[in-house]
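Here are the chains, one letter per residue:
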Amino acid sequence: MKKWNFKVKSSPKEISKNIEFALESVNGLVFNMNHDKNNSITFKIRKRILYAWYLFYLNSIVVNGKLSKTDIENETDVEISFNQHFLWKLVIFTDMSVGLGFLIAVISGKSSGASMYLIGTTILAVGVILWIRVQKKYERNIQEYKTMISEILAI
């Protein structure tokens, strides 16, 4: 999870209206906004994943944000956190677990043969490579969201 904090010279209500207006016309985004009792507004943005294979093509980050009024008049504290989509974490963890399971079976003697060792090593290597690629994609997608939010809020 990555966090991004900054201040904006507008009220939380104005900012929430700007965000809502800018994002309601974008197809494929899921956008939820909640107004809390203590003068803060929370929102959540993510791309809609309709099919499992969309996970590999779409920007799969969940953005959680909070708009809080500060002590200074007409200023808002914006806190945004970026999380990887749960499906990415599940795919990588499952792949690495299966690869380690094959390798543990070969090492413990429950299964023998070079083919089992090769299969386990290959699956584990795919998991590590996938994890590295997902981390790079995660960083790129965070920059895309930061740019989009900066343009909406005109920071």
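What this report covers is the structure whose coordinates are included nearby. (Residues numbered from 1 in each chain as written. Predicted model: local features only at pLDDT ≥ 70, side-chain atom pairs only at ≥ 80, totals over all residues. Heavy atoms only, no water.)

Here we have 5 strands laid out as an open sheet, ordered S1-S5-S4-S3-S2, and antiparallel in their pairing. The strands lining the two open edges of the sheet, one partner per strand, are strand S1 (2-8) and strand S2 (29-35). Across the sheet, the axes of successive neighbouring strands diverge by a mean angle of 15 degrees, strand direction being ignored. Strand direction decides the pairing type here: S2 and strand S3 (residues 40-47), joined by 7 bridges, are antiparallel. From the neighbouring strand, Asn 34 faces S3, where its bridge partner is Thr 42. (Pairing = 2+ DSSP bridges. Helix = DSSP H or I, 4+ residues; strand = E, 2+ residues; numbered from the N terminus. Axes fitted to C-alpha atoms, helices over the stretch in contact; angles between N-to-C directions.)

As a further point, take the pattern of salt bridges. Oppositely charged side chains can form a pair if their charged atoms are brought close together. According to the stated counting rule, one finds 2 salt bridges in the structure shown. With a shortest N-O distance of 3.0 Å, Lys 2 and Glu 139 are connected by a salt bridge. You can see Lys 2 sitting in strand S1 and its partner Glu 139 sitting in helix H3 (residues 114-153), a full 137 residues away along the chain. Linking Lys 9 and Glu 75 is a salt bridge whose minimum nitrogen-to-oxygen distance equals 3.4 Å. Remark: Glu 75 occurs in the loop between strand S4 (61-69) and strand S5 (76-84) and Lys 9 occurs in the loop between S1 and helix H1 (12-24); sequence separation between them is 66 residues. Classification of Glu 75 as buried rests on a relative accessible area of 7%. (Salt bridge = Lys/Arg side-chain N within 4 Å of Asp/Glu carboxyl O. Buried < 20%, exposed > 50% of the residue type's maximum accessible area, 1.4 Å probe, protein only.)

Another point: the pairing of S4. The pairing of S3 with S4 spans 7 bridges and is antiparallel. Bridge pairing links Phe 43 to Gly 65 in S4. Relative to S5, S4 is paired through 9 bridges, and the arrangement is antiparallel. Within the sheet, the bridge partner assigned to Val 63 lies in S5 and is Phe 82. The turn joining S4 and S5, which pair antiparallel and follow one another in sequence, is formed by 6 residues; a positive phi near 60 degrees is taken by Asn 74.

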